[in-house]
Each structure stands twice: as structure tokens, then as C-alpha cells.
Amino acid sequence: MRAAVYYGKNKVAIEDVPEPSPGPGEVKVKVSRNGICGTDLHEYYDGPIFIPPTEPHPLTHKCLPLTLGHEFSGVITEVGAGVTDVREGDRVTVEPIYRCGKCRPCRTGHYNLCNVIGFHGLMADGGMAEYTVVPRNQIHQLPDSISLEMGALVEPLSVAYHAAVMGEVDDQSRALIYGAGPIGIGLWFALRGMGLTEIDVVEPSEIRRKSIEALGARTLDPTSVDIPGLIDERTKGDGVDAAFDAAGVTPAVESALACLGERRPLVSVAIYDKPLPTPLIQLVLRERRIQGTICYTKDDYKAVIGLMAKGHYDTTGWVEDVSLSRVVEDGFEQLKAGQKMKLLVDPSS
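Because the structure is predicted, anything quoted here is derived from the model rather than measured.

## Quick look at the environment of Leu64
Piece 1. The residue Leu64 is located in the loop between helix 1 (38-46) and strand 4 (66-67) in this model.
Piece 2. Residue classification places Leu64 among the buried positions, given a relative accessible area of 19%.
Piece 3. Leu64 has contacts with Tyr6, Tyr7, Pro48, Ile51, Pro52 and Pro53, leaving out every residue within four places of it along the chain.

Here is the structure:
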């Protein structure tokens, strides 16, 4: 079968590799679509970062080279021994976390914080291939109302949903989202799904503002508007109930903290390329806090799939396909240049 094999910085090759077979407790999936994540871009241009270069990962026993891809959906074509609750032909999306099940985060249900966490497509051969094999506990079945193309977005949208939960909001809350990339869009959908109507998306890029505006979002351009001043005026000095940083740059963090109400969180869901100066006085004087968030658990997957089944998510204008054979040229390079928003790799093309 064909696969996008990662060898290191600036080195991904489309190769013919052996087609995998499921072992006990595993499931073989014919991949329909695999989303390109920002993590994949970091690995390609700056890595290896998370991918083990020489020492095999303790849970997957894999290291370089390996097949990329952790945001994917497909159809089960074979099940291993002991798997009885899913079968061939089931349409699925994959929650790609490997966890030990023994550490305190795992024991308390927070396996997204596992002490030795691993990811399919980063610590094991992933979904940028025609077929892949995953443990049964990574499988979520898709209702017939959800397309496989949409199913490939469950993973990044679950990242956003988990972050939205961390914001501790309700349907009367006011929220700010910094960054209108895929995670920012996912946050907007998640907060809307929680009943919020007072949401502003702060984004300097006109292309990204127009993309999320087309979905119904209200945007602010920080290059032409004093965001903290505007929020102070709108809220009569009370500030917003939650802010979400999906931008990962210093101006976003500083602005978000200045806009928060007392004792409210800035939820950080960005990947930071460099250390940021943190204006701690903004935390001290108003008892604000910065809340980190990483990944998701099965509950976030279930929530996103439930919203999808109701038609809550719309991919118009921000999601496109790219062929496996052109994943670097039409995928990584286009995303890095800011020419595309979200690309799904089609292994069959």
C-alpha cells in the first residue's frame, strides 16, 4: 500500500509499504481521509519533535521512520482476535491516544495527560496511508448521518471542544477567541453548541476573518481596533467570561488577559514556538488565571459526534481535499504559506 513516511526534517516520502494486519485487540481501517495537523507541519519543518528519532516509544515500541497522520476516519476491513463489538464495514473515526492505564491521570480518567502518552501517527504508523491498524479502544463508530470526510475532523474539533469545556462557560457567558484557524473555528462551533451567542473572534488575517464570518461568526481585526478598549466599553468594565488563545503569539495573550473579567480563565490551546513574556500583573490584580489544555478524552469525542449528527458543524469554505501523492507540495507547503485553512489527505488519490 502507499503511505506518507516521515524520515526527519523536510523528509517525507510517498512509498509502497507492507499492508498491516490487526493483532489481538486491534482493528484494521481503510482510511478515507486524514487531516493535516499543525503538529504534522512542526514535525516536517522543525522535527523530529514528538516523534521518537531513535528510542522506541514505551507504549508503541516505534520510532523513525514512521507513517504520519492522527486525524482520520475510514471503514473497518478486519478485526483482530478478541474484538467482538465492532465489525467489518463499520464507519469509524479514530481517537489516536495511546495511554498506559496505570499512572494517576489515567486512573482518574484524564488519560489525555498520561505520563507516557503516545499518538497514532506520531509514535506509531498513522493514517496518511491506504490502511492502518489501531487498538480497539481508539475506535468511535460514526452514525450514518456523518460523512467520512466530516469524521476526519472529529479529532481537531474534539481538541477545540475540550478547550471550550475548560473555559467554564454557560449559555449566558461572553467569550473571546484569538485566532481563526481550524482550532479557532472549532472553538466557535463548540461554544455555539454550548449555547453561547456572545462570541467574538479576534483575527488579523482578512482571509481567515472572511472564512469564519461566512460561517456566521462575528470578528474583530486587532490591527484596526483596540480590543481591550472595545470589550471594556461593551461590558461596562466587567470583561469577558472566558478567552481562548488559539493564536500562540504574545499580542494575543496580552490582549486576552486584559479583556478578562475577574477570576476568569484564559484557556491556552495554542502551540508556542518560542517563550512568551507573561504579564503576570494582569493575573494578580484581578485573580485571573491561565488554563492549559491538551487533546481530549472519549467524552469530548462523543460530544462532537453528537453535535455533528445534528448538523451543527459546517465545512463550507475552510476544508479541502489533497491527494496523498501531493501531500508535501499541495498540503504542507500550502498550509505553511497560509494559502489553505484545513486539508484532508485522500489516500486513494
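## Quick word on the sheet that holds strand 2 (residues 11-16)
Piece 1. A sheet is described by the order of its strands in space; here three strands give the open sequence 2-1-4, paired in antiparallel fashion. The sheet terminates laterally at strand 2 and strand 4, the two strands that pair on one side only.
Piece 2. Two strands pair when backbone bridges link them, and strand 1 (residues 2-8) and strand 4 are joined in this way by two bridges, in the antiparallel orientation. Directly across from Tyr6, in strand 4, lies its bridge partner Leu66.

## Considering the pairing of strand 2
Piece 1. Note that strand 1 and strand 2 share six bridges and pair antiparallel. In the sheet register, Ala3 faces strand 2, and the bridge partner there is Glu15.

## Details of helix 4 (residues 154-166)
Piece 1. With 13 residues, helix 4 ought to run about 18 Å at 1.5 Å a step, and its terminal C-alpha atoms sit 18 Å apart, in line with that.
Piece 2. Most of helix 4 sits inside the fold, with eleven of its 13 residues counted as buried.
Piece 3. Every buried residue of helix 4 is accounted for by Val154, Glu155, Pro156, Leu157, Ser158, Val159, Ala160, Tyr161, His162, Ala163 and Ala164.
Piece 4. Phi turns positive, to about 55°, at Glu168, one or two residues after helix 4.

Quick notes on the rules
- Residues numbered from 1 in each chain as written.
- Predicted model: local features only at pLDDT ≥ 70, side-chain atom pairs only at ≥ 80, totals over all residues.
- Heavy atoms only, no water.
- Helix = DSSP H or I, 4+ residues; strand = E, 2+ residues; numbered from the N terminus.
- Buried < 20%, exposed > 50% of the residue type's maximum accessible area, 1.4 Å probe, protein only.
- Contact = heavy atoms within 4.5 Å.
- Pairing = 2+ DSSP bridges.
- Expected span 1.5 Å × (residues − 1).

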